[in-house]
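Examination of the molecular architecture
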Amino acid sequence: MKEKWVERYQLFKQKHSTIIIIPPAILLGVFFFILMWDNVQTETYAIERFSNSNQTIRSPITIEDEGETERRTREAVQSVPDRYDISEEVTEERLNYVTELFDAVDKFYEEQDDETNDDNDVLPLTDQDKAIQLKQLLSNEISNEISDQTLITFLSQSDEDLEQGQVIFMEALEETLDRGVRTENIQTAIANVEQTVEYSDFNEELTLALNDLATFAVTENSFFDYEKTSQARKDAATTVDPVMIRAGEIIVREGQTITNEIYEKLNLVGVLDSERNIFPLLGLSLLVVIITIFIAVELYRSAKENDWNMKKVAAVLLISVVAVLLMKVASLYTTQSNQLFYVTPIATAAILHKLLLHERIAIKMGIFYSIIATVIFNGQIAGALNVEVGIYFLVSQVAAVGLLSNVKDRYAILKSAFGMSLIHIATILLFIFLSFEKYTWLDIIIQSSFGIISACLAAVLAMGMLPLFESLLGVLSDMKLLQLSSPNQPLLKKLLTEAPGTYHHSVMVANISETACEAIGANGLLARVGAYYHDIGKTVRPQYFIENQVAMRNPHDFMSPKKSADIIIRHPYDGADMLKEHRMPKEIIDIAMQHHSNSLLKYFYMKEKEENPEVEEIEFRYPGPKPKLKETAIICICDSVEAAVRSLKEPTEEKIEAIVSGIIRDKVADGQLNDSPLTLKELTIIQFTICESLKGIFHSRIQYPKEEEN
């Protein structure tokens, strides 16, 4: 009963595909209309100053608030602190004074040693005498500022302590002076040097002496710089971004008082004009109707070519929603000055359409999206169309479709982003050179970088969204098929290791099926991947299939024909169960289950009939179902053909042609292909293509003569 309803639904779907296509197309048109509504119609309000607003009002456009921009610029200028210039001369002078002091101490000791060696009767000097002699070696600036006690302390230290003190003090002093010392922070600077000295491992006398030296050495070396301060204020003024009232931004909330400031904003965004115009809405409606009709016609055309299903319609709807939403969001931040529409990753839609559906749909939908973009990016000026955006989006999507001509893995999308970037840059430069406005090199670089960002975002979004469409909608893309065709897939590894003969057979069937599918315009990649997995069920009992029986007796020789047939018949359904367990796509599962259709196991049937003449044929037939797709029907043919030709000891062209034509004729006569959409013309092409492929595989070889024995 359930199968009857399924058949009736399939028949209804084929006959009334137009009726089923119309509602999604209308929903999509309504969605387009809603998103473009505010781009052609601006709502106006009758409002007076100092009254209370009876509703929340948002800005219909994006515009600069020049008064607020000026106020923020003034605040930014006032917030700039004064700039100071650190005098390197003063810094070097103070460091030289300290160096001079320590050098003088060293020289003092050298002179004392010389006098002691020349005259042993010299009386030792007092501390005061030492200080006086040391001052004679120093500059007046040092001798006048440094106390005698500090000098005496330096003279009383060991060479090691004095050298260590000099190194640490000089580092601290240089670091402090390099940071700049102003009049108001000179005490803090001195304290920083003293703190460094106190944290060092010096004796108390040397610590006090170095602190006294810090008071002398640390002095003002940072002075107010009028030019730098003025330039900093100018830079602060130029860095203030214009204050923009964004489209959709709330100007006044419900119940809020309309102050002068709010009233000026309402006037600025143009919502105080009481005139209304319904014609832009009529124009938008007409545009949406035209686009919706074209989309419906394209879906209907796909339906007539047996390429239509609800999953693909859902994919078109979702991709369109994503594409238009991306444009709408980008339009909210795009102005005439920033040109942010260049960043919109509209090529994502083209990539998804091509990978999930068809190249033709990608191009046509790209044209529709570009037309919609001219309205969405019109700056919310009723009647205006942004042709520049439309051209850029169209070029971007066409480039994305063209650059994805040879998709072998997901990284091919990233590789195409490089080509899209170059095309984006070329298009942006075209707009710049054709315009009358003057652009700086910085503007050119920024806008070109927008094009690069758009290409990269489109590739990344497409890679991220593709698995979602594949899993949520169950759409089987070429990218997914390429992943499943990898020899590293667990099931293919299992097939290779456990049933190598079946693996080789599957590869041969895949090659022949792909060629035959491409000859009639079917999906050759689906046929190839489906053929890889079509006999995966043989891994359950690989030894019961002739291609896997190496150096062993055929186990069917010891079994009844009925039991042997049950084992053989079971493998398509074992394979389908394994594929379901590994969550493989439905199309691959269907190929595994349908590749034998409801064919008859003639060998075991005839063998059983010899013993039991009344045996029923149904007991030795596969339960089905019959192939529903062209690809599955072709695999069904190629599976039988490859096994039959491989069994020939001396395959010739005549034998191959006879076997291929005989198998196809038998399957048609037996009704095994009745549910598939293959036509007689396509079967003729398939027969010719299979023969050519098999002749290339099983071509005759030269027989090399054996060497005669002497």
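Rules and cut-offs
- Residues numbered from 1 in each chain as written.
- Predicted model: local features only at pLDDT ≥ 70, side-chain atom pairs only at ≥ 80, totals over all residues.
- Heavy atoms only, no water.
- Helix = DSSP H or I, 4+ residues; strand = E, 2+ residues; numbered from the N terminus.
- Buried < 20%, exposed > 50% of the residue type's maximum accessible area, 1.4 Å probe, protein only.
- Contact = heavy atoms within 4.5 Å.
- Areas by Shrake-Rupley, 256 points an atom, 1.4 Å probe, with all protein chains shown as cover.
- Patch = residues over 30% accessible without salt bridge, like charges linked within 9 Å, V, L, I, M, F, W, Y side chains within 5 Å.
- Salt bridge = Lys/Arg side-chain N within 4 Å of Asp/Glu carboxyl O.
- pLDDT = per-residue confidence, 0-100.
- Disulfide = S-S within 2.5 Å.
- Axes fitted to C-alpha atoms, helices over the stretch in contact; angles between N-to-C directions.
- Parallel < 35°, antiparallel > 145°, perpendicular 65-115°, else oblique.
- Left-handed = near helix turned anticlockwise from the far one by under 90°.
- Lys, Arg positive; Asp, Glu negative; His and termini not counted.
- Charge placed at Lys NZ, Arg CZ, Asp CG, Glu CD.
- Core = buried A, V, L, I, M, F, W, Y, C linked by side-chain atoms within 4.5 Å.
- Polar contact = N/O pair within 3.5 Å; in protein donor to acceptor, adjacent residues only side chain to side chain.
- Phe/Tyr/Trp six-rings, centres within 6.5 Å; stacked < 30°, edge-to-face > 60°.
- Lys NZ or Arg CZ within 6 Å of the ring centre and 35° of its normal.

**Some thoughts on the overall build of the protein chain**
On a plain count of helices and strands, the protein chain comes out with 29 helices and 6 strands. Within the protein chain, buried positions represent 45% of all 710 residues. Restricting the contact set of the protein chain to residue pairs at least 6 apart, pairs at least 24 apart contribute 78%. Carbon and sulfur atoms make up 55% of the accessible area of the protein chain, which totals about 39000 Å².

**Here we look at a nonpolar patch on the surface**
Taken together, the side chains of Ile 22, Ile 26, Val 30 and Ile 34 make up a nonpolar region of the molecular surface, amounting to roughly 360 Å² of accessible area. Examined against the element boundaries, Ile 34 turns out to sit in helix H2 (residues 17–40). Taking the relative accessible area as the measure of exposure, Ile 34 reaches 56% and is therefore exposed.

**Description of the confidence of the model for the protein chain**
Averaged over all residues, the pLDDT of the protein chain equals 82, while 89% of them reach at least 70. Element-level mean pLDDT values for the protein chain span from 46 in helix H1 (residues 2–15) up to 92 in helix H17 (residues 387–403). In this model residues 1–12 is a low-confidence stretch, pLDDT under 50, and it forms 2 contacts with partners more than four residues away in sequence or in other chains.

**Examining helix H15 (residues 347–356)**
Most of H15 sits inside the fold, with 10 of its 10 residues counted as buried. Along H15, the residues classified as buried are Ala 347, Thr 348, Ala 349, Ala 350, Ile 351, Leu 352, His 353, Lys 354, Leu 355 and Leu 356. Residues of H15 that are buried in the fold lie against helix H14 (310–332), helix H16 (359–376), H17, helix H18 (411–434), helix H19 (441–472) and helix H20 (478–484).

**Overview of the state of the cysteines**
Scanning the model with the defined rule gives 0 disulfides in all. Cysteine Cys 638 shares no disulfide, and the gap to the nearest cysteine sulfur, in Cys 517, comes to 7.5 Å. By relative accessible area, which is 0% here, Cys 638 ends up buried.

**So, the pattern of salt bridges**
In total, this model carries 28 salt bridges according to the counting rule given. Here Asp 38 makes a salt bridge to Lys 328, at a shortest N to O gap of 2.8 Å. Of this pair, Asp 38 sits in helix H2 while Lys 328 sits in helix H14, placing them 290 residues apart in sequence. On the basis of relative accessibility, which here comes to 28%, the residue Asp 38 falls in the partly exposed class. Among the residues examined, Lys 328 registers a relative accessible area of 11% and is labelled buried. The residue Glu 298 makes a salt bridge to Lys 364 at a minimum N-O spacing of 2.9 Å. Here Glu 298 is found in helix H13 (residues 279–304), whereas its partner Lys 364 is found in helix H16, with 66 residues between them in sequence.

**Re the environment of Met 479**
With respect to the helices and strands, the residue Met 479 is situated in helix H20. Sequence separation between Met 479 and Ala 412 is 67 residues, and the spatial gap between their C-alpha atoms is 9.6 Å.

**Re the packing of H18 against H19**
Running from amino to carboxyl end, H18 crosses H19 at an angle of 150°, the nearest separation of the two axes being 8 Å. When the axes of H18 and H19 are compared, the pair comes out roughly antiparallel. Here H18 and H19 pass one another in a crossing that is right-handed. Across from Ile 413, Leu 414, Ala 417, Met 420, Ser 421, His 424, Ile 425, Ile 428, Leu 429 and Ile 432 in H18, the residues of H19 making contact are Ile 444, Gln 447, Ser 448, Gly 451, Ile 452, Ser 454, Ala 455, Ala 459, Ala 462 and Met 463.

**Topic: a negative patch on the surface**
Taken together, the side chains of Asp 103, Asp 106, Glu 110, Glu 111, Asp 159, Glu 160 and Glu 163 present a region of like negative charge at the surface. Secondary-structure elements contributing two or more residues to the negative patch are helix H4 (88–118) and helix H8 (159–179). No other element matches H4, which puts 4 residues into the negative patch. Residue placement: Asp 106 occurs in helix H4.

**Points about the nonpolar core**
It is characteristic of soluble globular proteins that their nonpolar side chains tend to be buried jointly. Ranked by internal contacts, the top residues of the largest apolar core, which has 69 residues, are Phe 32, Met 327 and Phe 377. Breaking this core down by element, the ones donating at least two residues are H2, H13, H14, H15, H16, H17, H18 and H19. By size, the runner-up hydrophobic cluster in this structure holds 50 residues, among which are Leu 492, Ala 499, Ala 531 and Ile 635.

**As for the environment of Gln 133**
Its location among the elements puts Gln 133 in helix H5 (residues 127–137). It is 7.9 Å that separates the C-alpha atoms of Gln 133 and Phe 108, two residues lying 25 residues apart in sequence.

**What to know about the side chain of Ser 676**
You can see Ser 676 is positioned in the loop between helix H28 (653–670) and helix H29 (680–697). Polar contacts involving the side chain of Ser 676 include one to the main-chain carbonyl oxygen of Leu 673, which spans 2.9 Å.

**Overview of unusual backbone geometry**
Between Gly 624 and the following residue, Pro 625, the backbone shows a cis peptide bond with an omega angle of 5°. With respect to the helices, strands and loops of the structure, Pro 625 is situated in the loop between helix H26 (602–611) and helix H27 (630–646). Its identity as a non-glycine residue notwithstanding, Arg 583 has a phi of 55°, on the positive side. Its place among the elements puts Arg 583 in the loop between helix H24 (561–581) and helix H25 (586–594). Residue Arg 583 is classed as exposed on the basis of its relative accessible area of 78%. A positive phi angle is found at Ser 597, which is not glycine, with a value near 50°. As for its position among the elements, Ser 597 is in the loop between H25 and H26.

**Looking at the packing of H14 against H15**
Two elements in contact, H14 and H15, have axes separated by 10 Å at closest approach and are oriented at 170°. Classified by the angle between their axes, H14 and H15 sit roughly antiparallel to one another. Counting all contacts with H14, which are made through Val 316, Ile 319 and Ala 323, the residues of H15 involved are Ala 349, Leu 352, His 353 and Leu 356.

**Here we look at the packing of aromatic side chains**
All chains considered together, the criterion is met by 13 aromatic pairs. Taking 6.0 Å as the distance between ring centres and 40° as the angle between the ring planes, the aromatic pair formed by Phe 294 and Phe 368 counts as tilted. Here Phe 294, found in helix H13, pairs with Phe 368, found in helix H16; they are 74 residues apart in sequence, far enough to count as distant. For Phe 368, a relative accessible area of 9% translates into the label buried. The residue whose ring lies beneath Arg 94 is Phe 216, and the NZ or CZ to ring-centre distance is 4.7 Å. Here the guanidinium or amino end of Arg 182 rests over the ring plane of Tyr 84, the centre of that ring lying 4.4 Å away.

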